Amino acid sequence: MALPRPPRVTVEIVFDFVCPWCYLGIHRFQRLRQSRPDLPLTPVWRPFLLNPDMPRSGISRADYTARKFGDEDRARRFHAAISSIAAEDGLDLAFPRIARAPSTVDAHRLVRLALERGVAAEGLVLDIFQAYFSAGLDIGNPDALAAIGEANGLRHNETAAFLASDRAIEQIHADNLFVHRLGINGVPCFIIDGQAAIAGAQEPDILERLIELAVADVEGA
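Per chain, residues are indexed from 1 in the order of the written sequence. Restriction of local features to residues with pLDDT of at least 70 applies here, the model being predicted, together with a cutoff of 80 or more for giving and counting side-chain atom pairs; totals for whole chains, interfaces and linings are based on all residues. The basis for every side-chain value is the complete set of heavy atoms in the structure, and neither hydrogens nor water enter the calculation.

1. Notes on the sheet that holds strand 2 (residues 41-47)
In plain terms, the rule: By the convention used here, strands pair only if DSSP detects at least 2 bridges between them. Helix and strand definitions follow DSSP, with helices as H or I runs of at least four residues and strands as E runs of at least two, each counted in order from the N terminus. Convention adopted: a line fitted to C-alpha atoms gives each axis, helices being fitted over their contacting stretch, and angles between N-to-C directions are expressed from 0 to 180 degrees. For this analysis, residues touch if any pair of their heavy atoms sits within 4.5 Å.
With respect to topology, four strands assemble into an open sheet ordered 2-1-5-6, the strand pairing being mixed. Taken across any chain shown, the strands that pair with only one partner, and hence form the sheet edges, are strand 2 and strand 6 (196-199). Strand-to-strand twist across the sheet, computed as the mean angle between neighbouring axes with direction ignored, equals 20°. Bridge analysis of strand 5 (residues 189-192) against strand 6 gives four bridges, and the strand direction is antiparallel. The residue of strand 6 that forms the bridge with I191 is A197. Across the sheet, helix 5 (residues 121-133) touches strand 1 (9-15) and strand 2, and the angle it forms with strand 2 is around 45°.

2. Topic: the side chain of E122
The following threshold applies: Buried residues are those whose accessible area, probed at 1.4 Å on protein chains only, stays under 20% of the maximum for their type, while exposed residues exceed 50% and partly exposed ones sit between those limits.
Within the fold, E122 resides in helix 5. Residue class for E122 comes out buried when judged on its relative accessible area of 11%. Apart from residues lying up to four places away in sequence, E122 is in contact with F29, Q30, R33, P43 and W45.

3. Thoughts on unusual backbone geometry
The omega torsion of the bond from V187 to P188 falls at 5°, within 30 degrees of zero and hence cis. One non-glycine residue with positive phi stands out, namely A168, at about 75°. Tracing the backbone through its elements, the reader meets A168 in the loop between helix 7 (156-164) and helix 8 (169-181). The class for A168 is buried, based on a relative accessible area of 7%.

4. So, the packing of helix 6 (residues 142-151) against helix 7
Angle between the axes and distance between the axes: these two values describe a pair of packed helices. Put simply, the rule is: The hand of a helix crossing depends on one turn: near helix anticlockwise from the far one by less than a right angle means left-handed, and clockwise means right-handed. Under the scheme applied here, ten amino acids are nonpolar (Ala, Val, Leu, Ile, Met, Phe, Trp, Tyr, Cys and Pro), four are charged (Asp, Glu, Lys and Arg), and all others, including Gly, are polar.
Packing of helix 6 against helix 7 brings their axes to within 9 Å, and their N-to-C directions diverge by 140°. The chirality of how helix 6 crosses helix 7 is right-handed. Along its contact with helix 6, which presents P142, L145, A146, A147 and E150, the element helix 7 presents H156, T159, A160 and L163. Classifying every residue of the contact of helix 6 with helix 7 gives six nonpolar, two polar and one charged.

5. Focus on the packing of aromatic side chains
How we decide: Working definition: rings of Phe, Tyr and Trp (its six-membered ring) pair if their centres are within 6.5 Å, and the pair is stacked with planes under 30 degrees apart, edge-to-face with planes over 60 apart, and tilted otherwise.
All chains considered together, the criterion is met by eleven aromatic pairs. Relative to W45, the ring of F15 lies with its centre 5.6 Å away and its plane at 80°, an arrangement referred to as edge-to-face. Pair noted here: F15 is in strand 1 and W45 is in strand 2, with a separation of 30 residues, a long-range link. Residue W45 is classed as buried on the basis of its relative accessible area, which comes to 11%. Ring geometry for F95 against F133: centres 5.9 Å apart, planes inclined by 75°, an arrangement best described as edge-to-face. Residue F95 is found in the loop between helix 3 (72-88) and strand 4 (100-101), and its partner F133 is found in helix 5; the two are separated by 38 residues along the sequence.

6. Brief notes about the pairing of strand 5
Covered by surrounding structure in strand 5 are C189 and I191 together with F190 and I192, the residues of both alternating faces. Two successive antiparallel strands, strand 5 and strand 6, enclose a turn made up of three residues, where D193 displays a positive phi of approximately 55°.

7. Describing the pairing of strand 1
Rules: For crossovers, right-handed means that the path from the first strand over the helix to the second runs clockwise, given strands pointing away from the viewer.
For strand 1, the tally of buried residues reaches six of seven residues, placing the bulk of the element in the interior. Each parallel crossover has a hand, and the one from strand 1 via helix 1 (residues 20-35) to strand 2 is right-handed. Both strand 1 and strand 5 contribute to a ladder of four bridges, which runs antiparallel. Considered in strand 5, the bridge of I13 is made with F190.

8. Regarding the pattern of salt bridges
Note the threshold: Within this document, salt bridges are pairs made up of a side-chain nitrogen of Lys or Arg and a carboxyl oxygen of Asp or Glu, the two lying within 4 Å of each other.
Tallied over the entire structure, the rule returns 18 salt bridges. Among the ionic pairs, R117 bridges to E158, the shortest N-O distance being 2.6 Å. Pair noted here: R117 is in the loop between helix 4 (105-116) and helix 5 and E158 is in helix 7, with a separation of 41 residues, a long-range link. Judged by relative accessible area, which is 39%, R117 ranks as partly exposed. Close ionic contact of R209 with D205 constitutes a salt bridge, the shortest N to O distance being 3.7 Å. Of the two residues, R209 and D205 both sit in helix 9 (residues 204-220), four residues apart, roughly one turn of that helix. Judged by relative accessible area, D205 falls into the partly exposed class, the value being 39%. Several salt bridges converge on common partners, so that one network encompasses R28, R31, D89 and E203.

If you want it as structure tokens, here you go:
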């Protein structure tokens with residue numbers, strides 16, 4: 001007789017693609033998944049728009065940096081600090097390669113399409129992060145996104161047509177509004193089984209302990 005499968009625990013991941021801390025946090029979550037395949041987890045991807053009014057075509061990175069940081073020296077200090085932390089996790093954050101600050105609506109739409117087509121979203125999400133922060137690609141560009149989608153199992157022509165349409169744009173904005181109404185104002189944020197919420201690029205062992213508690217609660221219910 002087969003043993004019953006343990007009940008699955010949802011981990012809602014609230015994030016945006018232009019957030020380097022989100023890249024680090026999701027990378028660490030992936031490390032946990034790889035080291036603990038026995039944990040019965042179901043990731044749920046929740047879009048958070050750090051720049052909801054960003055034009056679909058994006059703006060120059062120089063203009064964005066000036067608006068966000070005020071001066072180039074402050075931006076360099078921030079970039080150096082997060083790059084150093086990310087490098088310890090094996091991530092290459094190459095801010096000088098980024099020429100354009102994108103709208104991330106289409107990148108979040110691509111994740112939604114992947115889920116609709118039964119494609120695992122975790123690899124796609126990390127590939128989009130890597131394309132932006134390491135390769136400096138414009139992830140607001142539909143051609144770049146279609147290529148990333150194809151590399152992760154989506155059909156290029158279908159993805160290109162989807163991105164050229166307005167489909168799911170309203171849903172992304174609605175999802176963004178939803179997480180703000182939950183009181184989430186910083187990302188990444190991990191919501192474990194609808195109960196515990198923890199913000200920031202947490203170390204895998206911290207997430208592991210919280211998830212283990214959630215699994216124990218579900219099994220004991």
